[in-house]
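Coordinate inspection notes
This is what each chain is made of:
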Amino acid sequence: MRPSILDTLTDEQKDQLYDWLLEMPVPQVARKLAQPAPEGFGIKTHNTTLQRFKKSRWTEQAADQIEAAKTASASS
């Protein structure tokens, strides 16, 4: 699979992008992302790329929460 343009973002930018995706519809985030800094990141990408990013990030966070719950359960 080809690397995504979003892979070039810093961790802080990825966090910001995910927050935007939680707050706004994907097409609106795509327009915001394309704006130059400081409003956006100057990156043009497809809605499907943003949808995949959001799903992947959500999955990672869910897995982290499950692991933390298992660790907390095992230690108590």
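Anything mentioned here points back to the structure above.
Residues numbered from 1 in each chain as written. Predicted model: local features only at pLDDT ≥ 70, side-chain atom pairs only at ≥ 80, totals over all residues. Heavy atoms only, no water.

Things to note about the pattern of salt bridges
All chains considered together, the criterion is met by one salt bridge. Here aspartate 15 and arginine 57 are joined by a salt bridge, their closest N and O atoms 2.1 Å apart. Placement of aspartate 15 in helix α1 (residues 11-23) and of arginine 57 in helix α3 (residues 47-75) is noted, with a sequence separation of 42 residues between them. The exposure class of aspartate 15 is partly exposed, given its relative accessible area of 39%. You can call arginine 57 buried: its relative accessible area is 14%. (Salt bridge = Lys/Arg side-chain N within 4 Å of Asp/Glu carboxyl O. Helix = DSSP H or I, 4+ residues; strand = E, 2+ residues; numbered from the N terminus. Buried < 20%, exposed > 50% of the residue type's maximum accessible area, 1.4 Å probe, protein only.)

Some details on the packing of α1 against α3
Helix packing for two helices is described by the angle between their axes and how far apart those axes are. In contact at an axis separation of 10 Å, α1 and α3 are set at 105 degrees when each is read in the N-to-C sense. On the basis of the axis angle, α1 is roughly perpendicular to α3. Residues Lys14, Asp15, Leu17, Tyr18, Leu21 and Leu22 of α1 touch α3, and the partners they reach there are Leu50, Phe53, Lys54, Arg57, Trp58 and Gln61. Its residues assigned to classes, the contact of α1 with α3 comprises seven nonpolar, one polar and four charged. (Axes fitted to C-alpha atoms, helices over the stretch in contact; angles between N-to-C directions. Parallel < 35°, antiparallel > 145°, perpendicular 65-115°, else oblique. Contact = heavy atoms within 4.5 Å. Nonpolar A, V, L, I, M, F, W, Y, C, P; charged D, E, K, R; others polar.)

Describing helix α2 (residues 26-34)
Those residues of α2 that fall on the buried side of the exposure criterion are Val26, Val29, Ala30 and Leu33. Across the axial projection of α2, the buried residues extend over an arc of 105 degrees, all falling on one side. On its buried face, α2 is in contact with α1 and α3. (Arc of directions from axis to C-beta.)

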